[in-house]
Amino acid sequence: MNGIDSKCVHGGYTPKNGEPRQIPIYQSTTFKYDSSDAMGALFDLEASGYFYTRLQNPTNDLVAAQLTELEGGIAGMLTSSGQAANFFAVFNICEAGDHFISSSSIYGGTFNLFGVTMKKMGIECTFVDPEASYEDIAKEIRPNTKLIFGETISNPVCAVLDFEKFAKVAHDNGIPFIVDNTFATPVNCRPIEHGADIVTHSTTKYLDGHASGVGGAIIDSGNFDWMEYADKFPGLCTPDESYHGITYAEKFGKGAYITKATVQLMRDLGSIQAPQNAYYLHLGIESLHVRMARHCENALKLAKFLESDERVAWVNYPGLESNSSYERAKKYMPKGTCGVMCFGIKGDRATTVKFMDSLKLISIVTHVADAKSCVLHPASHTHRQLSDEQLVEAGVKPDLIRFSVGIEDADDLIADIKQALDQI
Ligand SMILES: *Cc1c(COP(=O)(O)O)cnc(C)c1O
């Protein structure tokens, strides 16, 4: 089974004779053992098995295995949210006193996590302009820099990541490259094929696809050799006192990163995805390839329509030939990017608000990337405390409307936008 579409339908789970066709939901906090020694071996990490759902659950692991297959990795795990996934992905490598580099064009929640909350934990992040040169990014590397982070297609401004450049800076300096692949999904882009060592997801978006469950995922390529740079990664390459002194990179080899994140971070921080949500996620993934193709097809039609209407000031969609990310999008995502775009309409804030309030089929919600089309106006919603000047500083134009194109009839979506533009 090599095709990505088949992996969406069948990945991670092959029922044996008489077993359930659909993945079972293991709605159990705990797992029973016949002997005290059998359970003790699990706590010593001498045997693998389930004992408590705060660390691991079989339903979650089936879905994590599917995402691992889709991304072309060797191990994966689910987390309770995309925020938890990005936090775990970084915190599994960095500790107090460490530093890392991130593209500045990333999701606002991740920007706060890296720039404010992790700073309070003694971990410092330098944000770099994603279009900065190799040399300018490499200049930010310090002796304590432990990783580089970026998003395949950034939320909300839809900038496409220069994988080659970022991966080269990371690998020339002996550190891993982490990529949040939420918007592209493995159907349209597999970051590991372009040099990413670790891939993260907010599964809340296209993977779930129906606005039903918040969740996240981390997938390890197994390509980064921690032991080669052992002095940089003591968390993986020196004994963990909380497990009688085992060394993850020695004992688990290529599985070290996900094992550590599971048995240490999940154990201590407990941000597991509910098995019920993992089941919903799995239902979503079964149709991911069909939905992504339709999201992209619809988005391109809508982007072209918006570009052609004189009441629209600008459109930013990497699938448009006029877009500055077009060539890069074609290189890394030949099948299409995603259904999210941004645009602005001529007029002031009040015009934008009037336009949005006039939409009927397209709803105003704080969400993106599900079957139902929706819009959000950061200046009125997520960033409403900022002045126009502060918005520009934050890289968000005051007139920016984030538009997530769903899988309805494109003609109905165009008609809805037309009638709303007629109201302004
Ligand atoms: C939404 C989002 C997140 C955060 O995910 P949650 O599931 O909402 O916690 C992280 N990265 C990107 C690119 C996102 O779009």
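Placed above this text is the structure.
Residues numbered from 1 in each chain as written. Predicted model: local features only at pLDDT ≥ 70, side-chain atom pairs only at ≥ 80, totals over all residues. Heavy atoms only, no water.

Undergrad: Could you clarify how one ought to interpret the site of the ligand in this entry?
TA: Surveying the vicinity of the ligand reveals 16 residues, the closest of which are Gly82, Asp180, Ser202, Thr204 and Lys205. Contact distances for the ligand include 2.9 Å between an oxygen atom and a side-chain N or O atom of asparagine 155. For the ligand, a nitrogen atom lies 2.7 Å from a polar atom in the side chain of aspartate 180. For the ligand, the accessible surface in isolation is 390 Å², of which the surrounding protein chains cover 92%. In this structure the site holding the ligand corresponds to the largest pocket. Here the residues of the shell around the ligand sort into 3 nonpolar, 10 polar and 3 charged. (Near = heavy atom within 4 Å. Polar contact = N/O pair within 3.5 Å; in protein donor to acceptor, adjacent residues only side chain to side chain. Areas by Shrake-Rupley, 256 points an atom, 1.4 Å probe, with all protein chains shown as cover. 1 Å grid on protein atoms, 1.4 Å probe; cavity = no way out; pocket = protein on both sides within 12 Å on 5 of 7 lines; lining within 4 Å. Sits in = over half its atoms within 2 Å of the grid points. Nonpolar A, V, L, I, M, F, W, Y, C, P; charged D, E, K, R; others polar.)

Undergrad: Hey, could you run me through the environment of histidine 289 in this one?
TA: Relative to the helices and strands, histidine 289 is located in helix 13 (residues 288–308). In the structure, histidine 289 is positioned 282 residues away from lysine 7 in sequence and 9.5 Å away in space, judged by C-alpha atoms. Among residues more than four places away in sequence, those in contact with histidine 289 are Asp5, Cys8, Val9 and Val187. (Helix = DSSP H or I, 4+ residues; strand = E, 2+ residues; numbered from the N terminus. Contact = heavy atoms within 4.5 Å.)

Undergrad: Can you walk me through the packing of helix 12 (residues 275–286) against helix 13 in this structure?
TA: Two packed helices can be described by the angle between their axes and the distance between those axes. Where helix 12 meets helix 13, the axes come as close as 5 Å, and the angle between the chain directions of the two elements is 60°. As the angle between them shows, helix 12 and helix 13 are arranged oblique. From helix 12, Gly284, Ile285 and Glu286 reach across to helix 13, where they touch Leu288, His289 and Arg291. (Axes fitted to C-alpha atoms, helices over the stretch in contact; angles between N-to-C directions. Parallel < 35°, antiparallel > 145°, perpendicular 65-115°, else oblique.)

Undergrad: Can you help me understand empty space enclosed by the protein in this one?
TA: Over the atoms rolls a probe the size of a water molecule, and its path tells where empty space is left. Counted according to the given criterion, the structure contains 1 cavity of 30 Å³ or more. As a volume, the largest cavity reaches approximately 40 Å³. In terms of residue class, the lining of the largest cavity is made up of 4 nonpolar, 3 polar and 1 charged. (Points joined across faces, edges and corners; volume = space filled by probe spheres on them.)

Undergrad: It is not clear to me how the pattern of salt bridges should be interpreted in this structure. Could you clarify?
TA: Pairing is possible between side chains that carry opposite charge, provided their charged atoms lie close to one another. The final tally for this structure, using the stated rule, is 15 salt bridges. Lysine 139 serves as the salt-bridge partner of aspartate 136, at 2.7 Å between the closest nitrogen and oxygen. What makes aspartate 136 partly exposed here is its relative accessible area of 35%. Note on lysine 139: relative accessible area 63%, which makes it exposed. One salt bridge connects arginine 311 with aspartate 309, and the closest N-O pair in it is separated by 3.0 Å. Salt bridges linked by common partners bring Glu131, Asp162 and Arg328 together as one network. (Salt bridge = Lys/Arg side-chain N within 4 Å of Asp/Glu carboxyl O. Buried < 20%, exposed > 50% of the residue type's maximum accessible area, 1.4 Å probe, protein only.)

Undergrad: Please clarify how the layout of surface pockets should be interpreted in this entry.
TA: By volume, the largest pocket amounts to about 920 Å³. Considering the residues around the largest pocket, the lining is formed by 38 residues, among which Ile106, Tyr107, Gly108, Gly109 and Asn155 are closest to the centre. Elements represented by at least two residues in the lining of the largest pocket include exactly helix 4 (82–91) and helix 5 (108–120). For the lining of the largest pocket, the element with the most residues is helix 5, which contributes 5 residues. For the lining of the largest pocket, the residue count by class is 14 nonpolar, 20 polar and 4 charged. The space that makes up the second largest pocket amounts to roughly 550 Å³. Class assignment for the residues of the lining of the second largest pocket results in 18 nonpolar, 8 polar and 2 charged.

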